Amino acid sequence: MSLRLRKALFSITLLILLIVIALVWSHLINVMMPADSRPGVIPQHSEKVSPAEFDLLTEELIAEFPKISGRFDHVERFREDGIVAYEGPTTCLRCHETIMLDDGAGETRDVNLMDNLTSSAHYRFFTTDHENVWGFNGELADNFAMGKLNRPCPKPGSFAMTAWAEIVVTATGDTLSEGCGQCHIGGQYQAPLGEMMPLYKTLTRETDAIDCLICHAAAYDMNRKQVVVDDNGRARWGQDRSFKAALSVITPSAEACLRCHQHNFGGDIYVDPAGPGYFQSLQNLGQERPRIQHPGSKRGTPYSPTWDVHAAAGMSCLECHQTRGHLIAKGTHTTTLMANDLPEVEVSCLDCHDDPPHDPNSEFGTGLNDHLERLACQTCHIPSLHPDNVTRRDFGTTVFEEHPGIHIYNDVLKQADPGEGIAYVWWNGDGTFLGNPIGDNPNGAGLYTFYDAKHRWPEFEDFDYEGWFEDVMRPIARAGRPSKIYPMKRFNGRQHIDLTNIGPFGGMFVPYNLPEYYRDGKPGQAARTEMHKSMMGMMYGWMFKFYMLDRFMSYMSIDTWNTSGLDDLRAGRNMEPRWLPTDAMLEISHAIRLEGALGCDDCHGPDGVMNWQVLGYTEEETAELSQVR
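Before going into details, it helps to say that this report is about the structure given with it.

**A word on the packing of aromatic side chains**
Then, number 1: Applying the stated criterion across every chain, the model contains 29 aromatic pairs.
Then, number 2: Summarising the aromatic geometry, the rings of tyrosine 270 and tryptophan 307 are spaced 6.5 Å apart at their centres and angled 80° between planes, so their arrangement reads as edge-to-face. Highlighted residues: tyrosine 270 in the loop between α10 (254-265) and α11 (280-283) and tryptophan 307 in the loop between α11 and α12 (309-312), separated in sequence by 37 residues. Accessibility assignment for this pair places tyrosine 270 and tryptophan 307 in one class, buried.
Then, number 3: Within the aromatic cluster, the residues linked to one another by ring pairs are Phe136, Tyr451, Phe463, Tyr465, Trp468 and Phe505.
Then, number 4: Between the NZ or CZ atom of arginine 393 and the centre of the ring of tyrosine 409, over which it lies, the distance is 3.9 Å.

Right, dumping it as structure tokens:
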């Protein structure tokens, strides 16, 4: 055989091998996952209707939604195409295999709908572009998979990688639903873990399980959003795949977005009587296994008619948050929400409001417009938070709730007032790896305390936080966009920490087994139990260390991901509950009010809400700023 022929055969063989690997690559990735964390074929029930039932459902929709019934164009589409059952995404893809969208460069192009959807933060639970998130080591945390999928957080007390679909059995035998998957469109037995790996192609069994209607159906029944257990013994979140819901498909409304996002804004307790439709998930908890309602709002900013002028005006979320298909702009500013489909797309008050927004011919218009050089709109127009807003949450101790009969975390402090629950800080739109706003006084004053480690850990008692700020963070703050004073929701949490993976700014959280935590109220035992889950073993293995966690920990200013402590953690050693070294500051941009907005004396009076010295002003400047003009 000639040398040329051998080379040709080798090239062909190599090409075939690469094609075979490409075809099975996603399956290989899932084989590497623990068996209980792999996607499966999800059984779904399809409701086939007769012509008479079709007409009856249409009449019911018109009666239930008289104001928007004219938007139910899928009724006639289904009738013309003879569609009498909704079978999930396959039904949608009969007409919507591709979509036309603006590519951001002024061009319109045809793209595959499912590729667009499965690349979104709402499906993946993470994104890779983070142009304004900085590690405590001074490095930009960009080109790195990051979001709710892999970021531990002290607010829910769990990881999406493990606490996806959990059944909580109370001491009295009631069965409840809990887990991160309730606010995810995927519908699988586990989070979309494979998506974090390079060149992963979403499997058909994963796309078949996607819940299109939770976003697109006006008549979606949240009572069906509860944990179910299939014949294979695996738990997942149910969906409303009823034909009635499918007939009610429209462009996503604010009410639809808030089926998940109201949990973050207004919490799980408050329902605005002026707009109960904005609180569907709080009123329809599940038919057999109700979802657990969590007291203590994350941000304390409900989006509803009483609390937000935009909701009162009937605006939808998508009027501010631009979309490119299923990619949704969050804005160019962030502290704690790391996943962002379109990080280059601004979401600004001035997208709709005049610049400057105040009438210069009014009594105070010119002065208010002048303030915009140093103050964000939200600073005045978010005058308070909802009373259920939590600022200190202790997972390390529990309290018992008679109804629904579970132990929950202890919210030791709830503050809603400006200057208390709301802090005021200089912010240029960038954030640290743990959610601290980055910014500095434009005057160049050196008094601003950015990271003061109020809950300093004994291992870092002598760490020079002030010197670190001057050397690492102040240059980043100065090099960024001009800072303005923004309102921030103050928060701190106390949760079990892996003491073998800590640094001066925090450490790796140890998640809790939620069924055990809620039932027994013993956080330490619940943490030990959760560490026995197979995904925690993988997280403390070589692959996660190599592919993700060494880099993850470097942004925490920790040298390396220590995998040796798993056995100790499973035995309850080398972990204890601790407060974060300093408060996180969560950006707030909803609950915008015109009536009741902060006035001159709220900031400039002798008892004003601004701490001018913390904001970097001298004593003389503070005295002047505290005098009402």
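**Looking at the pattern of salt bridges**
Then, number 1: With the rule as written, the count across this model stands at 29 salt bridges.
Then, number 2: The salt bridge involving arginine 299 is made with glutamate 587; its shortest N-O contact spans 3.8 Å. One end of the pair, arginine 299, is in the loop between α11 and α12; the other, glutamate 587, is in strand β18 (residues 584-587), with 288 residues separating them in the sequence. As far as burial versus exposure is concerned, arginine 299 and glutamate 587 are alike and both buried.
Then, number 3: Overlapping salt bridges, with partners in common, bring together Asp440, Glu470, Arg474 and Arg478 in one network.

**A closer look at helix α15 (residues 465-479)**
Then, number 1: Taking 1.5 Å of rise per residue, the 15 residues of α15 would be expected to cover 21 Å, and the 20 Å separating its terminal C-alpha atoms lies within 8% of that figure.
Then, number 2: By the burial criterion, the buried members of α15 are Tyr465, Gly467, Trp468, Phe469, Met473, Arg474, Ile476 and Ala477.
Then, number 3: On the buried face of α15, the contacting elements are β3 (133-134), β13 (430-432) and β14 (437-438).

**Some remarks on empty space enclosed by the protein**
Then, number 1: A full pass over the atoms with the stated rule returns four cavities of 30 Å³ or more.
Then, number 2: Of the volumes computed, that of the largest cavity is approximately 100 Å³.
Then, number 3: For the largest cavity, the lining is made up of 14 residues, of which Gln188, Gln190, Ala191, Pro192 and Glu206 are closest to its centre.
Then, number 4: Classifying every residue of the lining of the largest cavity by side-chain character gives five nonpolar, seven polar and two charged.
Then, number 5: Considering only enclosed or pocket space, the second largest cavity measures out at about 60 Å³ in volume.
Then, number 6: In terms of lining, the second largest cavity is formed by Met33, Leu193, Met196, Met197, Met543, Phe544, Tyr547 and Met548.
Then, number 7: Of the residues contributing to the lining of the second largest cavity, the split by class is eight nonpolar, no polar and no charged.

**So, a nonpolar patch on the surface**
Then, number 1: Together, Trp542, Phe546 and Tyr547 give the surface a local cluster of nonpolar side chains, amounting to about 450 Å² of exposed area.
Then, number 2: Tracing the sequence through the fold places tryptophan 542 in helix α19 (residues 542-554).

**Structural notes on the sheet that holds β13**
Then, number 1: In space, the three strands of this open sheet follow the order β3-β13-β14, with mixed pairing throughout. For this open sheet the edge positions go to β3 and β14, each flanked by a neighbour on one side alone.
Then, number 2: Pairing between β13 and β14: two bridges, direction antiparallel. Considered in β14, the bridge of glycine 431 is made with proline 437.

**A short note on the environment of asparagine 436**
Then, number 1: Along the chain, asparagine 436 falls in the loop between β13 and β14.
Then, number 2: Using a relative accessible area of 4% as the deciding quantity, one classes asparagine 436 as buried.
Then, number 3: Remark: the alpha-carbon pair of asparagine 436 and methionine 535, spanning 99 residues in sequence, is separated by 29 Å.
Then, number 4: Other than its neighbours up to four places away in sequence, asparagine 436 contacts Phe136, Thr335, Asp430, Gly431, Phe450, Tyr451, Thr582, Asp583 and Ala584.
Then, number 5: Among the polar contacts listed, one links the side chain of asparagine 436 to the backbone oxygen of aspartate 583, at a separation of 3.3 Å.

**Observations regarding helix α17 (residues 523-530)**
An α-helix turns once every 3.6 residues. As a result, residues three or four positions apart point the same way.
Then, number 1: Residues Pro523, Gly524, Ala526, Ala527 and Glu530 constitute the buried set of α17. Each buried residue of α17 sits inside an arc of 165° when the element is viewed along its axis, so together they form one side.
Then, number 2: Its buried side turned inward, α17 meets β10 (390-401), β15 (484-503), α16 (514-520), α18 (534-539) and β17 (575-579).

Quick notes on the rules
Residues numbered from 1 in each chain as written. Predicted model: local features only at pLDDT ≥ 70, side-chain atom pairs only at ≥ 80, totals over all residues. Heavy atoms only, no water. Phe/Tyr/Trp six-rings, centres within 6.5 Å; stacked < 30°, edge-to-face > 60°. Helix = DSSP H or I, 4+ residues; strand = E, 2+ residues; numbered from the N terminus. Buried < 20%, exposed > 50% of the residue type's maximum accessible area, 1.4 Å probe, protein only. Lys NZ or Arg CZ within 6 Å of the ring centre and 35° of its normal. Salt bridge = Lys/Arg side-chain N within 4 Å of Asp/Glu carboxyl O. Expected span 1.5 Å × (residues − 1). Contact = heavy atoms within 4.5 Å. 1 Å grid on protein atoms, 1.4 Å probe; cavity = no way out; pocket = protein on both sides within 12 Å on 5 of 7 lines; lining within 4 Å. Points joined across faces, edges and corners; volume = space filled by probe spheres on them. Nonpolar A, V, L, I, M, F, W, Y, C, P; charged D, E, K, R; others polar. Patch = residues over 30% accessible without salt bridge, like charges linked within 9 Å, V, L, I, M, F, W, Y side chains within 5 Å. Areas by Shrake-Rupley, 256 points an atom, 1.4 Å probe, with all protein chains shown as cover. Pairing = 2+ DSSP bridges. Polar contact = N/O pair within 3.5 Å; in protein donor to acceptor, adjacent residues only side chain to side chain. Arc of directions from axis to C-beta.

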